[in-house]
Amino acid sequence: MKKIKDTLKDGKLYIFLLITLVFFGTFARLQFAVDTYSVFTTPIKDTINIFLTSGRLLSAILYGIFGIFNFTSNKMYICSFLIAIISCTLALYKLYKIIRKDIKNDYLSLLLSTIIIINPFSIEFFMYLEKCIFFVAIFLAICAVEQFINFMQKINVKKSLVLSIVYMLLVTFSYQGVLAIFISIACIYVIKYSKNIKEFFINNISLFLCYGVPAIINLLVIRIFFSNSRVSGNINFGETIQKILDGLDKMFNTYNILPGDCYKIFFVITLIVSLIVIIKEKNFKAIFGILYVVALNILITIVPYFMQDTESIWFVPRSSYAFASILGLVILFTMINVRTEESKFIIVKESLFIILSVLLLIVQFYNFNKITIDNYNSNYTDKINSLKIGEMIRNYEDETGIEITGISMYLDKSHSYSYPLIFATGDINVNGFGPDWCDVEMINYYNNLNLERVENSEEVLEMFKEKDFNNFSEMQVVFIGNIVHICKF
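A quick note: this is a predicted structure, and the numbers were derived from the prediction, not measured.

A closer look at the side chain of Ser194
1) Next: Within the fold, Ser194 resides in the loop between α10 (180-192) and α11 (197-225).
2) Next: Residue class for Ser194 comes out buried when judged on its relative accessible area of 15%.
3) Next: In terms of polar contacts, Ser194 uses its side chain to reach the backbone carbonyl oxygen of Val190, at 2.5 Å.
4) Next: Those residues in contact with Ser194 that lie beyond four places of it in its chain are Glu199, Phe200 and Asn203.

What follows is the structure, encoded as structure tokens:
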């Protein structure tokens, strides 16, 4: 209770709350990813089963609670949003407290915590209804880092190691895509607290024990109790490697979340400044330290993809979250492991890193804002188009007296997964008419219908053949009996 009271009295907590709200506060209003339409129209039991087969038990529990208390869609969203904001704030605050012990500059500590947690890929977490689970997982991963540092400092050694594994187990059962951030941050402290090769070797084994044991437990739970194609399908190593190489290119380009080569430029400048510091201090061993941190960050981000069914490999920001923290990690490594004795050079070094961090956050904020606005614009267009279809259905029912019970969806030759002039990448800002597993659910949601998907008709296929509609107003809708046939543009 004393720790809680002290935390609530700390002004830094509210600074991080403000930062979180600046970046993600616009999501306070109900918004949709394509998954959300399915969640709102699918029985809770089915949604829970989907998360169980993915090994995400905490997400399954969350939706179980929603079901028990019969939460409406708005209540689900508000609850998830608030927990996400609180969890992100706490993650920022806890990482700041960890960093602050080694970095005297308060502003730099605050900025480093921010660019590591709220990195360019973090925006996608807020696109999903279970946004709260993603950020709870990040907070738990930072708690695991804290306990692992205690372990290396010989503070309650056994207890700290066990707690670190327990926290990571909870992370694994929340969202596996967040696991890598633990390794990415903790490896910096492995270098700090390893006085010799032997300690470095032991600390690395312990580090991967904290990561590997929970991951193996999660994998065994899925294989034993559930079935999941991502961990039980076929793996073609040649195709897998090619997909991973393509994915690495997307990651380095931040999936276009930041413009052009922006992040690459920031990263190169950061490396140059770090190398200047290393040369200035004649601490050439630190070059191997930076290589270790960078290589491990990339490796730990892509390794999980090797375990997936080749067809299921899909590089998106949320599954490669830790990679986008790499710039902040290099700065953190340099500040902790490369000591500068000359006071003037300390000021120069810290000032350069502060400027880089601030500029990155400005660029991020601008692009996050654009992505968020486009998400709401895409959602609104989905709603308008769905309501138009609902109106057509009602008019047909009124005119004919036939109740529409089925719906069949077709694609025209220029079908797109996003609307014109809307920023879209991976699963971000995909429109509801894009994937074939949410289009009907979306139409049902907005029109309070319960239409069932039916197979395409050969007769209608011929009618729609080679159609190329330029906008929704030209979309072809055909009624045959109690089935509505819609050609998606």
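So much for the structure itself; the text now carries on.
Overview of a nonpolar patch on the surface
1) Next: Together, Ile235, Phe237, Ile241, Leu245, Leu299, Val303 and Phe306 line one region of the surface with nonpolar side chains, adding up to about 600 Å² of accessible area.
2) Next: Elements with a contribution of two residues or more to the nonpolar patch: α13 (237-252) and α15 (285-306).
3) Next: With respect to the helices and strands, Leu299 occurs in helix α15.
4) Next: What makes Leu299 partly exposed here is its relative accessible area of 46%.

Some details on the pairing of strand β4 (residues 483-488)
1) Next: Within β4, 6 of the 6 residues are buried, which leaves the element mostly enclosed by the surrounding structure.
2) Next: Strand direction decides the pairing type here: strand β3 (residues 477-480) and β4, joined by 4 bridges, are antiparallel. The partner of Val477 across the bridge, within β4, is Ile486.
3) Next: In textbook terms, the turn of a hairpin is the stretch between consecutive antiparallel strands, and for β3 and β4 this stretch comprises 2 residues, one of which, Gly481, has a positive phi near 65 degrees.

Topic: helix α7 (residues 106-117)
An α-helix turns once every 3.6 residues. As a result, residues three or four positions apart point the same way.
1) Next: Counted at 1.5 Å a residue, the expected span for α7 with its 12 residues is 16 Å, and the 17 Å between its end C-alpha atoms agrees.
2) Next: Taking burial as the measure, the 12 residues of α7 include 10 buried ones, the bulk of the element.
3) Next: Within the span of α7, buried status applies to Leu108, Ser109, Leu110, Leu111, Leu112, Ser113, Thr114, Ile115, Ile116 and Ile117.
4) Next: For α7, the N-terminal cap is Asn105; the gap from its side-chain oxygen to the backbone nitrogen of Tyr107 is 3.0 Å.

A closer look at α13
1) Next: Spanning 16 residues, α13 covers 22 Å between terminal C-alpha atoms, matching the ideal 22 Å at 1.5 Å per step.
2) Next: Every buried residue belonging to α13 is among Thr240, Ile244, Gly247, Leu248 and Met251, and all of these are buried. Looking down the long axis of α13, one finds its buried residues gathered within 110 degrees of arc, a one-sided arrangement.
3) Next: On its buried face, α13 is in contact with α15.

Comments concerning the packing of aromatic side chains
1) Next: Under the counting rule described, the total for this entry stands at 36 aromatic pairs.
2) Next: Consider the rings of Phe32 and Phe40, whose centres lie 6.0 Å apart with planes at 85 degrees: the pair is edge-to-face.
3) Next: Aromatic pair Phe125 and Phe135: ring centres 5.8 Å apart, planes at 85 degrees, arrangement edge-to-face. A residue pair is termed long-range when its members are at least 10 positions apart, and Phe125 in the loop between α7 and α8 (131-152) and Phe135 in helix α8 qualify at 10 residues.
4) Next: Its relative accessible area of 0% is what places Phe125 among the buried residues.
5) Next: One residue, Lys192, lies across the ring of Tyr193, its end atom 5.2 Å from the ring centre.

What about the sheet that holds strand β1 (residues 406-411)?
In a beta sheet, neighbouring strands are held together by backbone hydrogen bonds and run either parallel or antiparallel to one another.
1) Next: Sheet architecture is open: 4 strands sit in the order β2-β1-β4-β3, paired in mixed fashion. Two strands close off the open sheet at either side, each with one partner strand: β2 (452-453) and β3.
2) Next: Pairing of β1 with β4 involves 6 bridges; the strand directions are parallel. Looking at β4, one finds that Tyr410 is bridged to Cys487.
3) Next: Against the sheet, helix α18 (residues 439-447) contacts β1, β2 and β4, and its axis sits at roughly 130 degrees relative to β1.

Things to note about the packing of helix α9 (residues 157-172) against α11
Between two packed helices, what matters for the description is the angle formed by their axes and the separation of those axes.
1) Next: In contact at an axis separation of 9 Å, α9 and α11 are set at 40 degrees when each is read in the N-to-C sense. Comparing their axes, α11 and α9 come out oblique. Remark: the crossing between α9 and α11 carries right-handed chirality. Contact with α9, carried on its side by Leu161, Ser164, Ile165, Met168, Leu169 and Thr172, involves Ser206, Leu209, Cys210, Tyr211, Val213, Pro214, Ala215, Ile217 and Asn218 of α11 and no other residues of that element.
2) Next: Partitioning the contact of α9 with α11 into residue classes produces 11 nonpolar, 4 polar and no charged.

Some remarks on the confidence of the model for the chain
Close inspection of predicted coordinates is inappropriate for parts of the model with low pLDDT.
1) Next: Considering every residue of the chain, the mean pLDDT works out to 90; 95% of them sit at 70 or more.
2) Next: By mean pLDDT, the top-scoring element of the chain is α8 (97), and the lowest-scoring one is helix α12 (residues 229-232) (53).

What counts as what
Every chain begins its residue count from 1, and numbering advances along the sequence as written. Side-chain atom pairs in this predicted model are given and counted only at pLDDT of 80 or more, local residue features only at pLDDT of at least 70, and totals for whole chains, interfaces and linings cover all residues. Computation of side-chain values covers all heavy atoms of the structure but excludes hydrogens and water. A run of H or I in DSSP becomes a helix once it reaches four residues, and a run of E becomes a strand once it reaches two; helices and strands are each numbered from the N terminus. For every residue, the accessible area (1.4 Å probe, protein chains only) is compared with the maximum for its type, and the residue is labelled buried under 20%, exposed over 50%, or partly exposed between those bounds. Nitrogen and oxygen atoms within 3.5 Å of one another constitute a polar contact, given that in protein one can donate a hydrogen and the other can accept it, and given that sequence-neighbouring residues count only through two side-chain atoms. Contacts were defined at the residue level, with two residues in contact if any of their heavy atoms lie within 4.5 Å. For patch detection, residues must exceed 30% relative accessible area and be free of salt bridges, and they are connected within 9 Å for like charges or within 5 Å for nonpolar side chains (Val, Leu, Ile, Met, Phe, Trp, Tyr). Values of accessible area rely on a 1.4 Å probe in the Shrake-Rupley scheme; residue burial ignores everything except the protein chains shown. For salt bridges, the criterion is a side-chain nitrogen of Lys or Arg within 4 Å of an Asp or Glu carboxyl oxygen. Strands are treated as partners if at least two bridges between them are detected by DSSP. Given a helix with a known number of residues, its expected span is that number minus one, times 1.5 Å. This arc is built from the directions going out from the helix axis to the C-beta atoms. Here a pair means two rings of Phe, Tyr or Trp (six-membered ring of Trp) with centres within 6.5 Å. Their orientation is stacked below 30 degrees between planes, edge-to-face above 60, and tilted elsewhere. To sit over a ring, a charge needs its Lys NZ or Arg CZ within 6 Å of the ring centre and within 35 degrees of the ring normal. Only the stretch in contact is used when a helix axis is fitted, and all axes are lines through C-alpha atoms; the angle between N-to-C directions ranges over 0 to 180 degrees. Should an angle fall under 35 degrees it is called roughly parallel, over 145 degrees roughly antiparallel, and 65 to 115 degrees roughly perpendicular, with every other angle called oblique. Helix crossings fall into two classes, left-handed where the near helix is turned counterclockwise from the far one by less than a right angle and right-handed where it is turned clockwise. Note on residue categories: nonpolar means Ala, Val, Leu, Ile, Met, Phe, Trp, Tyr, Cys or Pro, charged means Asp, Glu, Lys or Arg, and polar means any other residue, Gly included. pLDDT expresses, on a scale from 0 to 100, how confident the predictor is about each individual residue.

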